[in-house]
Amino acid sequence: MSSRLITTDVLVIGGGLAGERCAIEAAAAGHDALILSLVPPRRSHSCAAQGGMQAALGNCVKAEGDNPTIHFLDTVRGSDWGADQEVATIFAEEAPIAVRELAHYGVPWTRVRGGKNKYFIKGQEVEIDEPLENDGLITHRDFGGTAKWRACYAAAGTGHAALYAVDSEVVRLGITVRDRTEAVSLIHDGTRCTGAIVRDLRDGSYFAVMARATVIATGGYGRIYGQYTSNAVINEGTGASIALDTGIVPLGNMEAVQFHPTTLSPSGILVTEGCRGDGGYLLDKNMNRFMVEAEPEKQELASRDVVSRHMAQCMRDGNGVDSPYGPHLWLDIRHLGEEHLRTKLLEVWDICRDFVGRNPAKDLIPVRPTQHYSMGGVRVNKDGQAYGLLGLYAVGEAACWDMHGFNRLGGNSLAETLVSGRLIGARVAEYASGVSLRSDTGIAFDALEAAEQKARSWLARSGNGPSIYEIRDAMGETMMHKVGIFRTGTELAEAVLELGQLLDDCDNAVLRCKDPGVNPELAFALRLKGMLRLAMTVAKGAAARTESRGAHYRTDFPLRNDRDWMNRTLVRWGAEESEPTFSYEPTGIVDLPPGHRGYGSDERIEMTEPLEAYNETVHAEQSRHGRLETVEAMGSRLRRGAWQSVSR
Ligand SMILES: Cc1cc2nc3c(=O)[nH]c(=O)nc-3n(C[C@H](O)[C@H](O)[C@H](O)COP(=O)(O)OP(=O)(O)OC[C@H]3O[C@@H](n4cnc5c(N)ncnc54)[C@H](O)[C@@H]3O)c2cc1C
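Calculation rules
- Residues numbered from 1 in each chain as written.
- Predicted model: local features only at pLDDT ≥ 70, side-chain atom pairs only at ≥ 80, totals over all residues.
- Heavy atoms only, no water.
- Helix = DSSP H or I, 4+ residues; strand = E, 2+ residues; numbered from the N terminus.
- Rg over C-alpha atoms; globule rule 2.2 N^0.38 Å.
- Buried < 20%, exposed > 50% of the residue type's maximum accessible area, 1.4 Å probe, protein only.
- Contact = heavy atoms within 4.5 Å.
- Areas by Shrake-Rupley, 256 points an atom, 1.4 Å probe, with all protein chains shown as cover.
- Lys, Arg positive; Asp, Glu negative; His and termini not counted.
- Charge placed at Lys NZ, Arg CZ, Asp CG, Glu CD.
- Expected span 1.5 Å × (residues − 1).
- Arc of directions from axis to C-beta.
- Pairing = 2+ DSSP bridges.
- Axes fitted to C-alpha atoms, helices over the stretch in contact; angles between N-to-C directions.
- Salt bridge = Lys/Arg side-chain N within 4 Å of Asp/Glu carboxyl O.
- Core = buried A, V, L, I, M, F, W, Y, C linked by side-chain atoms within 4.5 Å.
- Near = heavy atom within 4 Å.
- Polar contact = N/O pair within 3.5 Å; in protein donor to acceptor, adjacent residues only side chain to side chain.
- Nonpolar A, V, L, I, M, F, W, Y, C, P; charged D, E, K, R; others polar.
- 1 Å grid on protein atoms, 1.4 Å probe; cavity = no way out; pocket = protein on both sides within 12 Å on 5 of 7 lines; lining within 4 Å.
- Points joined across faces, edges and corners; volume = space filled by probe spheres on them.

K.L.:
Help me get a handle on the overall build of the protein chain, residues and values and all.
P.N.:
The number of helices and strands found in the protein chain is 16 helices and 22 strands. The C-alpha radius of gyration of the protein chain comes to 23 Å, within 12% of the 26 Å expected for a compact globule of 648 residues. Seen through its principal axes, the protein chain has C-alpha atoms that stretch 70 × 55 × 50 Å. The 648 residues of the protein chain split such that 63% are buried. By sequence separation, contacts in the protein chain at least 24 residues apart represent 74% of the contacts at least 6 residues apart. By element, 50% of the accessible surface of the protein chain is carried by carbon and sulfur atoms, the whole surface being about 22,800 Å². The positive charge centre, built from 70 side chains, and the negative charge centre, built from 85, are 2 Å apart in the protein chain.

See below:
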């Protein structure tokens, strides 16, 4: 075997929570698993997650009566009826297992303290007697868009605690991790994926990994918004990009991009929703709690899309606080007190001190909404199998599984990574057991040569072409200002033109550093076109969707339109094709009929097709769009009508 070609049973591209949990499952089933990661796994973006992980354990007084059905209801409402309801059911039922499993792995969950506890609810201090028999159970905090307190947390370092615990399990099982490597293309023959071409970021060399099954777990694509994101610099959407390049695997709902209400101004570093969950509130420049009037029932704890829009509107109306970096609003958590801030929100305390020099027990925190989460991604069926290519799977934020629809609820992502990592990891293991590793190495070597040629051609360019960093920054400006929180047809059309120009510029860009080895400029150049193509799918998808749903808000089409848009956007765009191709599949079997979310606007265009008729089309229509058959029949995990029996 050539060292330029290695083999494994299961190749997992991505060492965040989703990828690592998936690899654990494959390894536990006896497979050789290999994890690739741009960075040492513990520096994956999952580590940055702060406020919590949703699971209906119902352990504290404000969580009493909670159950997976209420979690399902909240998730579907949060998604603005964009979620696949069967996937949302599976997720809500399995999330408690994931939280308990993490406790077993060693996560130090914050616990119920029996007896009198002081909380802040809707700005008021309240005292609640937690039953002594619950003392020591995993506790919950409030989060946006939920009927019960459900977010389990480890202070405000939940992702850090979870990733270190899961990574320790990876180490314990002896799973091979190759960090500082980047998958740059998929190996496939048009029907089956057999691995990936990988670039070693330490020396610029390439090798092929051939695998029975390949999993994309590369996280989100927030960095297409340039500096306007809470995401780490490694969240460049490379996994979605290499799937898109195949021209076979579609990406789902790329226009569904979440903006988080509270990121630090100007750095964009997240200040967790847990601050508002624990009783913090938002103020405008006149110290007015504008969310009370805007959303009398949920106030600061409506879903993120709704709160972000109210904040953006507040600033558009001239009620933002002026700063050299543009307007911002205030987050006030002073009343929670230093003890609370230095224990349950410890990381927020540190972030405020280190990045804005403020003491949140005494000072207001400058915040504004920023890109935060990618609801769109590699479209997969409920087993995590990518549409159209056997042997290819996707999990976590990289995937469009799709339990978030057009708006993810806070805390549902960490839970998704662990739930889907376990379930999809088991499916991957089953698949890998049933297929041979034997396949055409010629395809792998051709793909290897193509990847190397791409790097060579970048290095061979000369002249005074544009800099890749100028193109990157221009992409971010276009995305934030024309494909942002409020969208219009005119601005989206402008964005498409600008991104088209940037794609042309990218073909003429010239590198300043010509080193073929350790060369961050080359590494980024190799990703840039893929990022621009992703940005284009977001802009074009948003331009085509003439309605408002969740985080996709069109001021020229402000209503959710269930009559015409109860569907998911799919986009395919082969690497050699000049234009993307869009198509639309039904969202999934609908059990909870479309209705009011309980916050935000109640105005919408009603569905006219009877649900039974809609549901009858789902299987055939999704198959027509490339969905592969699942192990269990479609709809078998739905608990039809269960939601009718729950009280909110
Ligand atoms: C600041 C912040 C706070 C958050 N807080 C919460 C929270 O409190 N609760 C919650 O539920 N969610 C939260 N989220 C969201 C949540 O953290 C993420 O959605 C989730 O952790 C993503 O996990 P993942 O495993 O899918 O991807 P990631 O953790 O992003 O991991 C991706 C992995 O892929 C690797 N990779 C990427 N491209 C390649 C490539 N081409 N080749 C090889 N490797 C590659 C990376 O190195 C990394 O290891 C937060 C997000 C942010 C930004």
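K.L.:
Give me the lowdown on helix α14 (residues 489-508), citing residues and values where you can.
P.N.:
If you check α14, its first and last C-alpha atoms are 29 Å apart, about what 20 residues at 1.5 Å a residue would give, namely 28 Å. Regarding α14, the residues found buried are L492, A495, V496, L499, L502, L503 and C506. Along the axis of α14, the buried residues cluster in a sector spanning 130°; they form a single face. The outward face of α14, more than 90 degrees from its buried face, is lined by the exposed residues T490 and L497.

K.L.:
Break down the sheet that holds strand β15 (residues 365-374) for me, citing the residues and quoting the values.
P.N.:
Here 4 strands make up an open sheet; going across it, the order is β12-β15-β14-β13 and the pairing antiparallel. Each edge of the sheet is formed by a strand with only one pairing partner; in this case those strands are β12 (257-264) and β13 (281-283). Looking at each pair of strands side by side, their axes are set apart by 45° on average, direction ignored. The strands that helix α8 (residues 304-316) touches are β12, β13, β14 (329-332) and β15; relative to β12, the one it contacts most, it runs at about 60°.

K.L.:
Account for the pattern of salt bridges, with residues named and values stated.
P.N.:
Overall, the coordinates contain 55 salt bridges when judged by the stated rule. Notably, a salt bridge pairs E632 with R427, separated by 3.9 Å at the nearest N-O pair. With a gap of 205 residues between them, E632 in the segment after α16 (611-624) and R427 in helix α11 (residues 412-434) connect regions that are remote in the sequence. Overall, the relative accessible area of 18% leaves R427 in the buried class. The shortest N-O distance in the salt bridge between R472 and D473 comes to 3.0 Å. Through salt bridges with shared partners, a single ionic network connects D80, E255, D305, R309, R545, E547, R549, R560, D562 and R597.

K.L.:
Tell me about the nonpolar core, residues and numbers included.
P.N.:
Soluble globular proteins tend to pack their nonpolar side chains together in the buried interior. Ranked by internal contacts, the top residues of the largest apolar core, which has 131 residues, are I224 and M475. When residues in this core are grouped by element, the largest group, 13 residues, is from helix α15 (residues 520-544). Filtering out sequence-adjacent residues up to four positions away, I224 remains in contact with M475, G476, M479, M531, L534, A535 and V538. Among the nonpolar cores identified, the runner-up in size contains 29 residues, and F120, A156, M291 and C352 belong to it.

K.L.:
Provide a residue-level description of the environment of G384, including the pertinent values.
P.N.:
Within the fold, G384 resides in the loop between β16 (377-379) and β17 (392-394). Take G384: its relative accessible area is 0%, and that puts it in the buried class. Put simply, G384 and A394 are 10 residues apart on the chain and 5.7 Å apart in space, counted from C-alpha to C-alpha. Setting aside residues no more than four positions away along its own chain, G384 makes contact with L392, Y393, A394, W401 and I424.

K.L.:
Could you give an account of the site of the ligand, naming the residues involved and the relevant values?
P.N.:
For the ligand, the set of nearby residues contains 39 residues, the closest of which are S44, H45, S46, E397 and S413. In the model, an oxygen atom of the ligand is placed 3.4 Å from a nitrogen or oxygen of the G16 main chain. With respect to the ligand, the backbone of Q50 contributes an N or O atom lying 3.1 Å from a nitrogen atom. With the chains in place, 99% of the 1,000 Å² that the ligand exposes on its own is no longer accessible. Those elements giving two or more residues to the shell around the ligand turn out to be α1 (17-28), β2 (33-37), β8 (181-188), β15 and α11. Looking at which element gives the most residues to the shell around the ligand, the answer is α11, with 4 residues. Partitioning the shell around the ligand into residue classes produces 13 nonpolar, 23 polar and 3 charged.

K.L.:
Help me get a handle on the sheet that holds strand β18 (residues 399-400), residues and values and all.
P.N.:
Reading across from one edge, β18-β16-β11-β20-β21 is the order of the 5 strands in this open sheet, with mixed pairing throughout. Of all strands in the sheet, those with a lone pairing partner are β18 and β21 (581-586), marking the two edges. Across 2 bridges, the pairing between strand β11 (residues 251-252) and strand β20 (residues 567-572) is antiparallel. Residue pairing in the sheet places G252 in a bridge with L570 of β20. Here α16 sits on the sheet in contact with β16, β20 and β21, set at roughly 135° to β21.

K.L.:
Talk me through empty space enclosed by the protein; I want residue IDs and the actual numbers.
P.N.:
Taken as a whole, this structure holds 4 cavities of 30 Å³ or more when the rule is applied. Counted as a void, the largest cavity has a volume near 110 Å³. Taken together, 16 residues form the lining of the largest cavity, with D84, E86, K382, Q622 and M634 sitting closest to its centre. Put simply, the second largest cavity is a space of about 70 Å³. If you trace the second largest cavity, you find it lined by P68, T69, F72, T89, E93, D591, R639, A642 and W643. When residues of the lining of the second largest cavity are traced back to their parent elements, those giving at least two are α2 (68-78) and α3 (85-105). Here the lining of the second largest cavity gets 3 residues from one element, more than from any other, and that element is α2. Among the residues forming the lining of the second largest cavity, the class breakdown is 4 nonpolar, 2 polar and 3 charged.

K.L.:
Would you mind going over the side chain of E86 in detail, with residue names and values included?
P.N.:
If you trace the backbone, E86 turns up in helix α3. For E86, a relative accessible area of 6% corresponds to the buried category. Filtering out sequence-adjacent residues up to four positions away, E86 remains in contact with K382, A633, M634, G635, S636, R637 and L638.

K.L.:
Explain the side chain of T630 to me, and be specific about the residues and the numbers.
P.N.:
Looking at the element boundaries, T630 is found in the segment after α16. On the basis of relative accessible area, T630 is assigned to the buried category, the value being 12%. Within the structure, T630 has its side chain in polar contact with the backbone oxygen of E632 (distance 2.7 Å). When near neighbours in sequence (up to four residues on either side) are disregarded, T630 contacts N381, K382 and D383.

K.L.:
Explain the environment of R368 residue by residue, including any values.
P.N.:
Counting through the fold element by element, R368 comes out in strand β15. Along the sequence, R368 and T263 sit 105 residues apart, while their C-alpha atoms lie 5.6 Å from each other. Look past the residues within four positions of R368 in its chain and what remains in contact with it is H260, P261, T262, T263, S265, P266, M311, M315, Y325, G326, P327 and H328. For R368, the side chain forms a polar contact with the main-chain oxygen of Y325, separated by 2.8 Å.

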